[in-house]
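Chains, contacts and geometry: an overview
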Amino acid sequence: MKEKYRLPGMGKTLLAGKGEDSFPLTLDGLEPLSSLEENALPQTVLIGENDGPRGKRILEECVSHGIPFVVLGRGWPRDVPAAVRNLAKKTGSRIIGPGSGGLITPFLSGDDRSKTALLAEGRDLFQRTVYESRVRAVSMRYAFSFGEKSDLSPVEAARAILDLDGGVRFFAFVLERLRKGRDLLEFATEAAGQGKCVGLLEYDPLSGEDRVEESALRQFGIVSLHEPSQIVDGAAAFLACGDDWSGGIFLEAGKGEMARLVRHEAARRGIPLLDEDDGSAPVLKVLRNCGHHSPGRGLVEKNRGKKRPLLLASALSLPQAGDLYRPEDPEIPIIPGICRSLDALSFTFASEAAKAPGVTENASPLGCPIHPRPTEYDAKVLLGTFGIPIARERLCRSFREAAEAAETIGYPVALKVMSPNILHKTEARVVALNLQDREELRNAYGRTLEKARVANPRARIRGVLVQEMIRGGTEWRMEFRRDPRFGPVVETGISGVYTEILPDGVLRVAPFDEEEARCMIRESRGYPLLLEGWRRDPLDIEAFASALSAFSRLAFCEREVARLDVNPLFVNRKGVLVVDAFIEKKGRKR
């Protein structure tokens, strides 16, 4: 497909019917459709008719001619007839809508000053956002409304914009809810690699607190938006700050109370404000009253032939009617309210700080088959192939083998019965700890096997695991499960005797690197227990981070595994050791 066909509105675009009702805010640059000629077919057709005979005829003609994009406004049912959808697949047409609010592109508007792309499901919030942007003279470079159903998804359109137009720095998604979370995270990774900012507004999210989504958005640097005005504020900030703002912003607010307030709030948001004007940095000017007076400098101030951007912020959130949205220079972006202005500026610095989450090349080791009915022992074999240290142990099938293993490992040892039919070993009392010599080992060996037969007479015993006893350090847990929207998700937290005292859990989407793993550890409520304290040596945080990162690679690479829990993982003064683990393959439940 030609590059211009990846997005609607990037070639000849025509309007069929009256579009005032269907596309009232996006009619700029549209020519009326008179007829479809084979030698001069448009790239996009917006159908302003409802689903009456005329509208259906126009739709069928567009699809039969293979028009790349056909946009349907309101006045249609939730979906077009199946026969039309099937014909569109054959001819290569892509139907956007029904329920689309229209589209804006630089090809149609002729305005490429903006650095924002708006990608919205539905119609209402799209139109409200576009309307506010026009009232405030903050243009959108791209704006797409995908309606109730679309052959082109918002993320797919965003990828096309990212590939075709490097001038877009802020991608604002307006979604009913985040159904395909992994797709958005992968796009955010690509965007972060190019220093772009991604924002998300959900207007009907899942009820209740969603820890996985909250952690995923924060991990991938996606800004959470809560109302359409934040999108326009962000567009104004990116428009004002130009292409290079990493050095900081010069504040023009005098030296009084307001200046101190702005500096304090900027520091809280991590926005660097320059103490002295270097003559080239973007300027944030705070208007001292609700009336709009000349800012004293233009939007672009000449400095050695370069443009100098300026952003205005009103000291009051509700200036006098007409003052805020009719500035003396209509090209000057203005944001009402100090906090709203700084929040919008924080988006621009978030794009600078955003980074693609670390993904290690060739992360999956070669050849690691998993037993059809795995036990703790099989889980540890898998963990070991990813370089995660395991406590010394041996799977034995007789007392003689167990005694030899204990002598090799060294007393004291622990004994565990391995059976895929006995999942809760402690409750079944098939675990013996702190065995000091051969005699204790002999008694425990027979006793645990007998209890295993009592717990489940039909259990298949694969052997007895002889394991070294671990002392010292602190106990932690690592778990991963597969989220239906975000894929493999890793959680870590303190374990052992602190589980009830410090209920804890830090989440990340897999995979991630050791730097992200260290951030997880620092976020945990049990982090102080890893540090040096009274009569306590510091523990090996680096080894813990390495094991956690390797665990995330396992979660990402091993598609057969539905769930894997490591509890406990002992973090010692030097190194870490896995002591117990539970694994569940796909298609099998506890």
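Residues numbered from 1 in each chain as written. Predicted model: local features only at pLDDT ≥ 70, side-chain atom pairs only at ≥ 80, totals over all residues. Heavy atoms only, no water.

Once that is clear, we can look at the packing of helix α15 (residues 514-523) against helix α16 (residues 541-557). The geometry of α15 relative to α16 is characterised by a closest axis approach of 8 Å and an angle of 115° between their N-to-C directions. Considering the angle they form, α15 stands roughly perpendicular to α16. Judged by the twist between their axes, the crossing of α15 over α16 is right-handed. Of α16, the residues touching α15 (which contributes Glu 514, Ala 517, Arg 518, Met 520 and Ile 521) are Ile 541, Glu 542, Phe 544, Ala 545, Ser 546, Leu 548 and Ser 549. (Axes fitted to C-alpha atoms, helices over the stretch in contact; angles between N-to-C directions. Helix = DSSP H or I, 4+ residues; strand = E, 2+ residues; numbered from the N terminus. Parallel < 35°, antiparallel > 145°, perpendicular 65-115°, else oblique. Left-handed = near helix turned anticlockwise from the far one by under 90°. Contact = heavy atoms within 4.5 Å.)

This part covers the sheet that holds strand β4 (residues 69-72). The sheet built from five strands is open, its strands ordered β2-β1-β3-β4-β5 with parallel pairing. Since the sheet does not close on itself, it has two edges, and those belong to β2 (31-32) and β5 (94-96), each with one partner. (Pairing = 2+ DSSP bridges.)

Note that strand β21 (residues 474-483) and strand β24 (residues 561-571) share seven bridges and pair antiparallel. Its bridge partner lying in β24, Glu 479 is registered against Asp 565. Counted between consecutive antiparallel strands, the loop separating β21 from strand β22 (residues 487-494) contains three residues.

With that settled, the discussion passes to helix α5 (residues 154-164). Within α5, burial applies to Pro 154, Val 155, Ala 157, Ala 158, Ala 160, Ile 161 and Leu 162. Where α5 is buried, its residues touch β7 (116-120), β8 (142-145), β9 (170-175) and α6 (181-193). (Buried < 20%, exposed > 50% of the residue type's maximum accessible area, 1.4 Å probe, protein only.)

Our next topic: the packing of aromatic side chains. Throughout the structure, instances matching the rule amount to nine aromatic pairs. The interplanar angle of 75° and the centroid separation of 5.8 Å between the aromatic rings of Phe 173 and Phe 187 together place this pair among those described as edge-to-face. Of the two residues, Phe 173 sits in strand β9 while Phe 187 sits in helix α6, which places them 14 residues apart along the sequence. Both residues of the pair, Phe 173 and Phe 187, belong to the buried class. Among the aromatic side chains, those forming a connected cluster through ring pairs are Tyr 142, Phe 144 and Phe 146. (Phe/Tyr/Trp six-rings, centres within 6.5 Å; stacked < 30°, edge-to-face > 60°.)

Moving on to the sheet that holds strand β18 (residues 413-418). Reading across from one edge, β17-β20-β18-β19 is the order of the four strands in this open sheet, with antiparallel pairing throughout. Since the sheet does not close on itself, it has two edges, and those belong to β17 (393-396) and β19 (431-435), each with one partner. Neighbour to neighbour, the strand axes of the sheet diverge by 20° on average, direction disregarded. Bridge analysis of β17 against strand β20 (residues 463-468) gives four bridges, and the strand direction is antiparallel. Paired with Leu 395 across the strands is Leu 465, a residue of β20. Strand contacts of helix α11 (residues 376-385): β17, β18 and β20, with the helix running at about 50° to β20, the strand carrying the most contacts.

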